[in-house]
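These are the residues of each chain, in order.
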Amino acid sequence: MLMHERTISIQRGIFLAVTLVVCILVGWWIILQIRESRQLREARIENLKAGRALAWQMDSLRLLAITYQPDPASRAGAIVGTVPKLPSLQERTWVIETLYPHVAVVPSPLAEDDPPLLDKAAYLTLRPEPLRAIEKAQHTDIIRAASEGSFLALVVLIGFGLVYRQLAEEMDLKLRQHNFIAAVTHELKTPIASLQVWTETVFARTLSDEQRGRIHDLMAKDLGRLEELVGNLLDVARAEAGSLDLHPVPLELGPWLRTVCESMDQRMGTGVMGLKLELAPAVWARVDPKALATVVENLLSNAYKYAAPPRATTVTLDTDGDQAVLVVSDLGHGISPKELPRLFQRFYRAGDEMTRGVPGTGLGLFLTREIVLRHGGTIQATSRGAGLGSTFAVRIPRISAPSVEGQDR
Ligand code: ADP
């Protein structure tokens, strides 16, 4: 048990560590992507600014070329010819904005680093549209990186979670099998040891008829216990192999249920179950009486095992639409809500040590459910919680009472 718990906590630790590592890696990857997209944005803006500088340079060179006409013959660098007329600002603007579409000529600077033209006639600024496009591209890059990263992390974690769940289930099944083997061994050993003692007593001592009779009854009880256990194990094996053979016949459930409950009451010790029957008349179903008796016996045996005296067990039979509803309820230990969904699993034994001290193999409810399912029915367990009793409701399709010739619906 301790070993199992340690393995489970190691598994949980590994799962948490892997989750953490995956989250850190993905987070780191997203940060790198954001950093990269920021660098890309800066490079794109620098590129625009380089274009603006080229526009400035082109305009300045043109101005210089027009303003100064050096005399190629003059060694002193004299200026010759007539000074041509300067192009208008409108014409210069047209040239700049045509050759450099992302640059605008404005009368006053719009950004801190907008350079003035050489003659300070106007300023060059970057148009807002390409800047906005760059911002948008960066935004898209960040969203893409974040969603790709999250998707990747999700896929890895879901995959890992599935593997983890599978492992945990296998581990749990292993533990339940381990408990089952221990329980079966105990269940077999106790009646065998008791039979051994009675056999030795019968052969070693001279006994009165009354003593002989008592020992005979006790031996019969032990043999009955062994027979029941072996029968249950065989039924479970058949149920698992899908070869649980049923022989359904039309049956009036009320009288049959009374007989099953009364014989169970006698077996347990008359009155110890505090049995109360509330059976609606004329409820018919097509069932295998022997198999369905196993269902009722298992539920009654549990109601007895998992309750302290004085017990109060109620068996009701009623109808709900086209279903027959058979309910066994007790006021015993009850079942906690988190254990309810697992009760019908193979080898599962719920509860604390109080219920674990009770003999059992964890197969009764599994077999019970298999039989009910094979009848086309359902079984549901409810409990108001630990210490507040339990209720098991079996629903099977009902038929109308067969006619005198003995035909069902
Ligand atoms: P077992 O051989 O342990 O009785 P079952 O399959 O019949 O196996 O029951 C599975 C578990 O369900 C039991 O170990 C017990 O913890 C719980 N259980 C079943 N019936 C009752 C009940 N009437 N009251 C409380 N707990 C119950």
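Residues numbered from 1 in each chain as written. Predicted model: local features only at pLDDT ≥ 70, side-chain atom pairs only at ≥ 80, totals over all residues. Heavy atoms only, no water.

Engineer: Run through the overall build of the chain, naming residues and quoting values.
Structural biologist: When you go through the chain residue by residue, the secondary structure sums to eight helices and nine strands. The globule rule puts the C-alpha radius of gyration for 409 residues at 22 Å, and the 45 Å found for the chain is more than 25% above it. In terms of its C-alpha atoms, the chain occupies a principal-axis envelope of roughly 155 × 60 × 40 Å. Out of the 409 residues belonging to the chain, those deemed buried represent 35%. In the form shown here, the chain has an accessible surface area of approximately 24800 Å², with 61% of it arising from carbon and sulfur atoms. Taking the average place of the 45 positive charges on the side chains of the chain and the average place of its 46 negative ones, the gap between the two points comes to 4 Å. (Helix = DSSP H or I, 4+ residues; strand = E, 2+ residues; numbered from the N terminus. Rg over C-alpha atoms; globule rule 2.2 N^0.38 Å. Buried < 20%, exposed > 50% of the residue type's maximum accessible area, 1.4 Å probe, protein only. Areas by Shrake-Rupley, 256 points an atom, 1.4 Å probe, with all protein chains shown as cover. Lys, Arg positive; Asp, Glu negative; His and termini not counted. Charge placed at Lys NZ, Arg CZ, Asp CG, Glu CD.)

Engineer: Please set out the pairing of strand 6 (residues 313–320) residue by residue, giving values where relevant.
Structural biologist: The side chains of a regular strand alternate between both faces of the sheet. With five bridges joining them, strand 4 (residues 275–279) and strand 6 adopt parallel strand pairing. Each bridged residue has a counterpart across the sheet, and for Leu279 the counterpart in strand 6 is Leu317. Direction of pairing for strand 6 relative to strand 7 (residues 323–330): antiparallel, over a ladder of eight bridges. The residue of strand 7 that forms the bridge with Asp320 is Gln323. Here strand 6 hands over to strand 7 after two residues, with Gly321 in that stretch at a positive phi of 65 degrees. (Pairing = 2+ DSSP bridges.)

Engineer: Got a sec to walk through the packing of helix 6 (residues 289–305) against helix 8 (residues 364–374)? Specific residues and values, please.
Structural biologist: Helix 8 packs onto helix 6 with a crossing angle of 145 degrees between their chain directions and a minimal axis gap of 9 Å. The handedness of the crossing between helix 6 and helix 8 comes out as left-handed. Across the interface between the two elements, Ala291, Leu292, Thr294, Val295, Asn298, Leu299 and Asn302 from helix 6 touch Gly364, Leu365, Leu367, Thr368, Ile371 and Val372 from helix 8. (Axes fitted to C-alpha atoms, helices over the stretch in contact; angles between N-to-C directions. Left-handed = near helix turned anticlockwise from the far one by under 90°. Contact = heavy atoms within 4.5 Å.)

Engineer: Summarise the environment of Val283; cite the residues concerned and give the values.
Structural biologist: For Val283, the position within the fold is in the loop between strand 4 and strand 5 (284–287). Judged by its relative accessible area of 1%, Val283 falls in the buried class. Taking the C-alpha atoms as reference, Val283 lies 6.6 Å from Gly254; in sequence the two are 29 residues apart. Residue contacts for Val283: discarding those within four places in its chain leaves Leu251, Glu252, Leu253, Gly254, Leu317, Asp318, Thr319, Ala324 and Arg398.

Engineer: So what's going on with the domain arrangement of the chain? Which residues, and what values?
Structural biologist: By domain assignment, the chain separates into domain 1 (2–145) and domain 2 (249–408). The gap between the C-alpha centroids of domain 1 and domain 2 is 80 Å. (Domains from an automatic or database assignment.)

Engineer: With reference to specific residues and values, describe the site of the ligand.
Structural biologist: Around the ligand, 18 residues are found, and the nearest of them are Asn302, Tyr306, Arg349, Thr361 and Leu365. One nitrogen or oxygen atom from the side chain of Arg349 is found 2.5 Å from an oxygen atom belonging to the ligand. Take Gly362: an N or O atom from its main chain is 3.0 Å from an oxygen atom of the ligand. If you map the ligand onto the pockets, it falls in the largest pocket. (Near = heavy atom within 4 Å. Polar contact = N/O pair within 3.5 Å; in protein donor to acceptor, adjacent residues only side chain to side chain. 1 Å grid on protein atoms, 1.4 Å probe; cavity = no way out; pocket = protein on both sides within 12 Å on 5 of 7 lines; lining within 4 Å. Sits in = over half its atoms within 2 Å of the grid points.)

Engineer: Can you tell me about the nonpolar core, naming the residues and giving the values?
Structural biologist: One finds Leu253, Trp256 and Leu343 to be the most contacted residues of the largest nonpolar core, which totals 49 residues. Here the element with the most residues in this core is helix 6; it accounts for eight residues. Residues contacting Leu343, with those up to four places away along its chain left out, are Ile335, Tyr348, Ala350, Leu365, Ala381 and Phe392. By size, the runner-up hydrophobic cluster in this structure holds eight residues, among which are Ala55, Val103, Ala122 and Leu124. (Core = buried A, V, L, I, M, F, W, Y, C linked by side-chain atoms within 4.5 Å.)

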